[in-house]
Structures are given as structure tokens and as C-alpha cells.
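Chain and residue survey
Below, each chain spelled out in residue letters.
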Amino acid sequence: MKINKYNSLVFAVLFGFGLTGQAQSKQWTLEECVRYALENNITVKLSELDVKNAEIDKRGALGNYLPSVNGTASHSWNIGLNQDVTTGILRNQTTQYSSVGINAGVDIYKGLQNQNTMRRAKLSIIASHYQLLKMQEDISLNVASAFLQILSNKEDLKVKKEQLLIDEKRYARSEEMVNAGTIPRGDLFDLKATVATDKQNIAVSENNLLISKLSLAQLLQLKEFADFDVVDDTNVADENNILAQTPIEIYNKAKETRTELKLAQTNLEIAEKNVAIAKGAYQPTLSGFYGFNTRASYSDQVRLDASGNPYTVGPDPIFQQFSDNKGHNFGLQLNVPIFNGFSVKNNVERNKVSLEKSKIDLEQKSLDLQRNVYTAFTDARGALNTYESSTVTLEARQQAYNYAKEKYDVGLMNSFDFTQAQTLLTNAQSDVIRTKYDYMFKIKILEFYFGIPIVPIITK
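Residues numbered from 1 in each chain as written. Predicted model: local features only at pLDDT ≥ 70, side-chain atom pairs only at ≥ 80, totals over all residues. Heavy atoms only, no water.

1. Regarding the overall build of the protein
What counts, and what does not: Only runs of H or I of at least four residues qualify as helices and only runs of E of at least two qualify as strands under DSSP, and these elements are numbered from the N terminus. Three exposure classes are used, based on accessible area relative to the maximum for each residue type with a 1.4 Å probe and protein chains only: buried under 20%, partly exposed in between, and exposed over 50%. Contacts are assigned to residue pairs with any non-hydrogen atoms lying within 4.5 Å of each other. Using a 1.4 Å probe, the Shrake-Rupley method yields the accessible areas, and only the shown protein chains count as cover for residues.
Within the protein, the regular secondary structure consists of 10 helices and eight strands. Per-residue burial for the protein yields a buried fraction of 37% across its 460 residues. Pairs at least 24 residues apart make up 82% of the contacts formed inside the protein by residues separated by at least 6 positions. Surface accessibility of the protein: about 26,800 Å² in total, with carbon and sulfur atoms responsible for 55%.

And the structure:
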């Protein structure tokens with residue numbers, strides 16, 4: 001069922017592309033594609049939300065320095081034998097009373113946990129920005145790869161169409177020669193099969209081109225992508241002369257600029273703060289508190305006369321009772337941890353393990369970066385050599401094809417051998433296209449490691 005849905009989606013997209021293929025549409029540059037993706041891609045937006053969460057956590061860490069203040073209010077009914085809340089005398093009665101109060105507390109010393117929590121929150125904001133930047137860099141490379149794939153498929157389709165025109169002309173000419181009795185009819189059948197194969201190859205190339213456009217459009221989160229197209233930019237020059245650098249120079253530059261190393265270093269610092277926060281639980285804590293409370297009763301009250309005999313009077317005015325019954329309490333509270341079931345010790349040890357893992361992760365990231373730089377440099381150099389070799393091969397295949405065509409035109413070569421020469425030429429053309437864009441993409445990767453982005457990324 002999933003396959004059917006996918007095929008239906010592809011058909012709908014391809015049909016949409018086909019309907020608007022003749023219309024004049026905007027052609028996107030690589031820079032426009034990257035910038036649009038950075039503003040609209042879902043994964044980038046999720047990383048931006050992580051930055052906001054980190055900023056919220058920082059405000060929470062700041063709140064630890066501030067006192068906590070809470071107000072209370074209650075109203076109750078008491079039925080039966082109970083104590084008068086104002087006189088303290090036990091009576092069998094139904095009473096109701098209200099109370100209001102306010103309580104405040106503030107940490108004076110908490111083992112430097114509040115300070116370390118604030119430092120960790122600041123580091124978390126830095127880490128979230130690095131994570132966002134890393135995501136933006138990954139999206140940029142993905143867009144560049146998809147963009148170059150479209151260009152590669154465009155050139156491949158162009159080659160296939162040119163080949164079809166040549167074969168159709170050759171078929172028409174051969175048909176005339178068959179009618180004139182110059183060549184056997186069997187050669188015409190071979191050419192007819194060749195034309196049919198060319199049309200099949202064009203259909204495959206068109207499908208590949210449309211799928212590559214769809215992939216880039218989805219990466220950009222475009223809602224309207226039926227007429228999506230890109231600018232034909234086939235410049236393969238190493239404009240920044242990155243291959244003139246040595247691998248060690250690129251690696252040293254990468255250590256200063258690469259986001260994954262900065263992120264790993266920041267995570268290491270966060271792990272150090274977590275250990276400090278956990279160790280703070282070993283220390284005593286000192287806090288101050290203040291409380292205010294007052295109450296009032298709505299029932300008759302019992303008083304004592306001069307002889308000590310009780311008598312009943314009506315309740316005093318409510319606001320007067322609130323004024324008469326108010327009270328304050330304040331003081332300091334010291335908590336000294338003595339034994340807590342090893343919870344603090346285990347928490348410290350757990351954070352120490354996380355710290356060691358962060359150290360290893362930073363070391364691994366540095367080793368990965370070194371390996372990736374040397375691999376990228378070798379790949380780019382190899383891609384250049386392959387592209388240059390394929391260009392030389394294409395020139396030779398073109399000359400061989402021209403020579404074969406001359407022999408075929410004068411009847412010195414049969415149709416099968418000429419078709420073989422033509423197939424070798426087509427394969428050589430495809431190799432040049434493939435190696436050219438492979439080289440372009442690998443140069444982009446190498447420039448990334450050297451700190452040269454596809455487009456400058458502006459942090460918010």
C-alpha cells in the first residue's frame with residue numbers, strides 16, 4: 001500500500017512538472033536555494049526552538065537567586081467540639097473563620113549550586129547555537145548536493161536528446177540508402193532499434209531529472225514546486241584554489257572553525273559544571289525565611305469576667321480581628337547533609353562518568369575531523385584527476401566516432417560497428433558529466449572544512 005501511495009505521489013508530481021514544463025518559471029541559484037532552506041527547513045526550525053528552550057532554562061537559573069514568595073488564604077467551618085481559634089477555649093459550637101498569610105524564603109548559601117547552574121545554562125545556550133549552526137551547515141551541503149545532482153541530470157538529458165537527433169537523422173538517411181539499394185535493410189533495423197533505445201534513455205533521464213528537482217524542492221520545504229527549476233551553472237573552476245593548500249593546513253584551519261569541535265568542547269564544559277553542581281550537594285545549605293499570618297472568626301466568642309467566669313459576646317469586626325491577630329515569624333535554617341542513602345555520591349559519580357565520556361567524545365571528534373579532512377582532500381584530488389582523464393577520453397572517443405562516421409558514410413563500416421563507436425562516445429560523455437559534478441561537490445566539502453561556506457550563515 002505504501003508503494004502505491006508513493007507511485008501516485010511521484011506520478012502527480014511528474015504530471016505537474018510536465019504540465020508546466022513549457023511555462024516560463026523562476027530559476028533558482030545555489031545561493032537562493034541555500035538561504036531559502038536555512039529559513040524554512042523543518043530541522044533548522046526545530047534547532048531554533050532548542051535555542052529558545054536553552055534561553056528559558058537560563059531564566060530559570062536566574063530565578064534561583066531570587067526569593068520565593070507565596071500568599072495563602074483559607075476559610076473553614078468547624079462543627080461540634082472544637083477550639084476557638086481566637087481564645088483557645090474548647091466549645092461545642094459551629095464556627096467559621098478565615099486566615100491569610102504570606103511566606104517568603106531565600107537561599108543564602110547552597111554549595112555554589114545556583115552559581116554553577118547559571119554558568120551551565122549560559123553554556124547550554126552556546127551549545128544550542130553551535131547545534132543550530134551545525135544543522136545549517138549540514139542543510140547547506142545537502143542542498144548543494146541536490147542542486148548539483150539536478151545540473152548533472154540536466155546535462156545528461158541534453159546529451160541523450162542530442163544523441164536522439166543524430167540517430168533520427170541517420171535513420172532517415174539510411175532509409176533513403178536502403179530504398180536506393182546502397183545498404184542492406186538489416187542495417188535499417190539496427191538503427192530503428194537504436195532510435196527506440198535513445199527514446200527510452202531520454203524517458204529515464206527525464207524521470208531522473210524530475211525526481212532530483214522534487215528532492216531539492218522538498219529539502220527547501222517548497223509548497224509549490226511544479227515549476228521549480230535551477231540556474232544552469234556549470235563552472236568547475238576551483239575559485240578559492242583550495243587544492244593549493246596542504247591537508248595539514250586545511251586541518252589546522254578546520255580545528256579553528258569547525259562547529260562540531262566547538263560543540264564538543266562546549267559539551268565538555270557543561271559536563272564539568274554538572275559535576276560541580278552534584279558536588280555542591282555535599283555542602284550545608286543556609287536559607288532565610290519570613291512568614292506573616294492573621295485570622296478572624298465569624299462566631300460568638302467566649303470571654304472571662306473578673307471572677308473568671310465565662311460569658312459570650314458577639315464577634316469583633318472582621319478587619320479589627322485581622323489587625324489584632326496578626327503575627328510574624330522569621331529566621332534562618334541550616335541543613336547539614338549527613339547520610340542520604342549514597343544518592344549524592346552516586347549522582348557525583350554518574351556526572352563524572354558523563355564528563356569522561358565528553359572528553360572522549362571531544363578527542364574522537366578531533367580524530368574524525370583529521371580523517372575527514374585528509375579523506376576529503378584525497379577525494380577532491382582524485383575527483384579532479386578522474387574528471388581530467390574522462391575529458392581526455394571524451395576527446396579521443398569523439399575523434400574515434402568522427403573517423404567511424406566517415407567510414408560508415410562511404411560504406412567501409414557496417415551499422416553494428418558504427419553503433420558501438422557511438423555507444424562508447426555516449427558513455428564517455430556521461431562519464432565527463434558524472435565526474436565533473438562529483439569533483440564540484442567534493443571541492444565544496446573541502447572548502448567547508450577550510451571555513452568557506454556555500455553562503456555566509458547569519459545567526460539570529
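We are not done yet, so read on.
2. Let's talk about the side chain of S390
Following the sequence through the fold, S390 ends up in helix α9 (residues 343–409). Apart from residues lying up to four places away in sequence, S390 is in contact with D431, V432 and T435.

3. As for the nonpolar core
Applicable threshold: In plain words, nonpolar cores are sets of buried Ala, Val, Leu, Ile, Met, Phe, Trp, Tyr and Cys residues tied together by side-chain atoms within 4.5 Å.
Grouped together as the largest cluster of nonpolar side chains are 39 residues, with contacts concentrated most on C33, V143, F147, L216, L220 and F228. At the level of secondary structure, the elements contributing two or more residues to this core comprise α2 (30–40), α3 (42–63), α4 (113–179), α5 (185–219) and α10 (415–449). The element that contributes the greatest number of residues to this core is α4, accounting for 13 residues. With residues up to four places along the chain from it excluded, the contact list for L220 reads W28, C33, Y36, A37, N40, V143 and F228.

4. Focus on the pattern of salt bridges
Condition: The salt bridge definition used is simple: a Lys or Arg side-chain nitrogen within 4 Å of an Asp or Glu carboxyl oxygen.
A full pass over the atoms with the stated rule returns 15 salt bridges. For D232, the salt bridge is made with K154, and the minimal N-O distance between the two is 2.8 Å. Taken together, the positions of D232 in the loop between β4 (229–230) and α6 (247–257) and K154 in helix α4 put the pair 78 residues apart, joining distant regions of the chain. Exposure remark for D232: the relative accessible area of 52% places this residue in the exposed category. Relative accessible area serves as the criterion here: at 15%, K154 is assigned to the buried category. One salt bridge in this structure joins K213 and D229, with 3.4 Å as the shortest N-O distance.

5. Structural notes on α3
What counts here: The length a helix should cover is 1.5 Å for every residue beyond the first. The directions considered for the arc are those from the helix axis to the C-beta atoms.
A rise of 1.5 Å per residue sets the reference length of α3, with its 22 residues, at 32 Å; its end C-alpha atoms lie 32 Å apart and thus fit the reference within 8%. Within α3 the residues assigned to the buried category are V44, S47, V51, A54 and A61. In a view along the axis of α3, the buried residues occupy a sector of 75 degrees, so they form one face of it. Opposite its buried face, α3 presents the exposed residues K52 and R59, each directed more than 90 degrees away. On its buried side, α3 packs onto α2 and α4.

6. Describing a nonpolar patch on the surface
To keep things clear, this is the line we draw: A patch consists of residues whose relative accessible area exceeds 30% and which take part in no salt bridge; residues with like charges are grouped when within 9 Å of each other, and nonpolar side chains (Val, Leu, Ile, Met, Phe, Trp, Tyr) when within 5 Å.
Taken together, the side chains of V106, I108, Y109, L112 and L332 make up a nonpolar region of the molecular surface, amounting to roughly 450 Å² of accessible area. A total of three residues in the nonpolar patch trace back to one element, the largest contributor, which is strand β3 (residues 90–109).

7. Points about the packing of helix α7 (residues 259–280) against α9
The condition that has to hold: Angles shown run from 0 to 180 degrees and are taken between the N-to-C directions of axes, each axis being a line fitted to C-alpha atoms and, for helices, limited to the stretch in contact. Oblique is the label for any angle not under 35 degrees, not over 145, and not in the 65 to 115 range, which are roughly parallel, roughly antiparallel and roughly perpendicular in turn. Rotating anticlockwise by less than a right angle from the far helix to the near helix defines a left-handed crossing, while the corresponding clockwise rotation defines a right-handed one.
It is the contact of α7 with α9, at a shortest axis distance of 9 Å, that shows an interaxial angle of 165 degrees. In terms of orientation, α7 lies roughly antiparallel with respect to α9. The two elements α7 and α9 meet at a crossing, and its hand is left-handed.

8. Let's talk about the environment of K169
Locating K169 in the fold gives a position in helix α4. Remark: the alpha-carbon pair of K169 and V195, spanning 26 residues in sequence, is separated by 9.9 Å.

9. Points about the side chain of R170
This is how it is decided: Identification of polar contacts relies on pairs of N or O atoms within 3.5 Å, with a donor-acceptor requirement for protein atoms, meaning one able to donate a hydrogen and the other able to accept it, and with residues adjacent in sequence counted only if both atoms are side-chain atoms.
Mapping R170 onto the fold places it in helix α4. Only 2.9 Å separates the side chain of R170 from the side chain of Q422, close enough to count as a polar contact.

10. So, unusual backbone geometry
Look at Q221: it is not a glycine, yet its phi comes out positive at around 60 degrees. Of note in this structure, F342 is not a glycine but carries a positive phi near 65 degrees. Structurally, F342 is set in the loop between β8 (327–335) and α9.

11. Here's the deal with the packing of aromatic side chains
The line we're drawing: The rule is short: rings of Phe, Tyr and Trp, with Trp giving its six-membered ring, pair when the centres are within 6.5 Å, and they are stacked under 30 degrees, edge-to-face over 60, tilted in between.
Taken as a whole and assessed by the stated rule, the structure comprises five aromatic pairs. Ring geometry for W28 and F228: centres 5.8 Å apart, planes at 55 degrees, overall tilted. One end of the pair, W28, is in strand β1 (residues 27–28); the other, F228, is in the loop between α5 and β4, with 200 residues separating them in the sequence. Given the relative accessible area of 3%, F228 is considered buried. Taking the centre distance of 6.4 Å and the plane angle of 0 degrees together, the rings of Y387 and Y439 count as stacked. Residue Y387 is found in helix α9, and its partner Y439 is found in helix α10; the two are separated by 52 residues along the sequence. Y439 sits in the buried class, given a relative accessible area of 4%. Cluster of aromatic residues (ring-pair linked, three or more members): W28, Y36 and F228.

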